[in-house]
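Descriptive structure summary
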Amino acid sequence: MLTVIMECRDKESELAQTLSVLVSGAVEGLVSDVVVLDHGSRDGSSRVADAAGCRFHTHWDIKDILRSARGEWLLLVEPGARLQSGWIEEVMEYIALNRQPARFAPSRTYKRPFLKRIGRTAPPLECGLLIQKKQAIALAKSGMNLETLAQGHKVSKLASEMIPAWVAASIR
């Protein structure tokens, strides 16, 4: 089982986009719960999370959140990111056979302009992070955010693509 965790602030539309993709994972029995960690949103983010059955936290500590996750694996993503077809089967197989963290492949359709890619490392959550719960708990420190938790891992690369959150934000 998999717990999906996202942080947001005023990302109502982006949150809805990501949650809509995760529904199929829940139906297939892969996604057991979704946790949204809020940073003072003033939009309808809490209503979107509530309507989707997510746990929505306005005051939280990452260690407590990780311990309360139902899944033995965690998927850390940004609101607005969208997993592409085939992700459910690939993640199910990966978590059954592997222990190392993994990231999704970047979208071949949506790429940053060439000059914005030169000399720039992708943000740690741009392609998500799939990690065992026990590994994440061991790495987590109070006050840490998801982006910091996702940094510096030796990861495998999944074949399934993820459309990064910046694509949804650029359409706004």
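Quick summary incoming for the structure in this document. (Residues numbered from 1 in each chain as written. Predicted model: local features only at pLDDT ≥ 70, side-chain atom pairs only at ≥ 80, totals over all residues. Heavy atoms only, no water.)

Counting 30 residues, the largest nonpolar core has Leu2, Trp87, Val91 and Leu130 as the members making the most contacts within it. In this view, valine 91 contacts Leu2, Leu30, Phe104, Leu130 and Leu158; residues no more than four positions away in its chain are not counted. Counting 18 residues, the second largest nonpolar core, distinct from the first, contains Ile5, Leu66, Ala136 and Met144. (Core = buried A, V, L, I, M, F, W, Y, C linked by side-chain atoms within 4.5 Å. Buried < 20%, exposed > 50% of the residue type's maximum accessible area, 1.4 Å probe, protein only. Contact = heavy atoms within 4.5 Å.)

Time to look at the state of the cysteines. A full pass over the atoms with the stated rule returns zero disulfides. The thiol of cysteine 54 is not disulfide-bonded; the next cysteine sulfur, from cysteine 8, is found 9.8 Å away. (Disulfide = S-S within 2.5 Å.)

Turning to helix α1 (residues 12-27), a few remarks are in order. Compared with an ideal rise of 1.5 Å per residue, which puts 16 residues at 22 Å, α1 spans 23 Å between its outermost C-alpha atoms and is within 8% of the ideal. Taken as a whole, α1 carries its principal kink of about 30° at valine 21. Listing the buried residues of α1 in full gives Glu14, Leu15, Thr18, Leu19, Val21, Leu22 and Gly25. Just beyond α1, the residue with positive phi is glycine 29, at close to 85°. (Helix = DSSP H or I, 4+ residues; strand = E, 2+ residues; numbered from the N terminus. Expected span 1.5 Å × (residues − 1). Bend = angle between axes of the 7 residues up to and from the residue.)

Another point: the environment of methionine 144. Turning to its location among the elements, methionine 144 is positioned in the loop between α6 (133-139) and α7 (146-149). Sequence-distant contacts of methionine 144, defined by excluding residues within four places in its chain, comprise Trp60, Ile62, Leu139 and Leu149.

Tracing the sequence through the fold places leucine 76 in strand β4 (residues 73-76). Separated by 53 residues in sequence, leucine 76 and leucine 129 place their C-alpha atoms 5.1 Å apart. Those residues in contact with leucine 76, other than ones at most four positions away along the chain, are Ile5, Leu125, Gly128, Leu129, Leu146 and Leu149.

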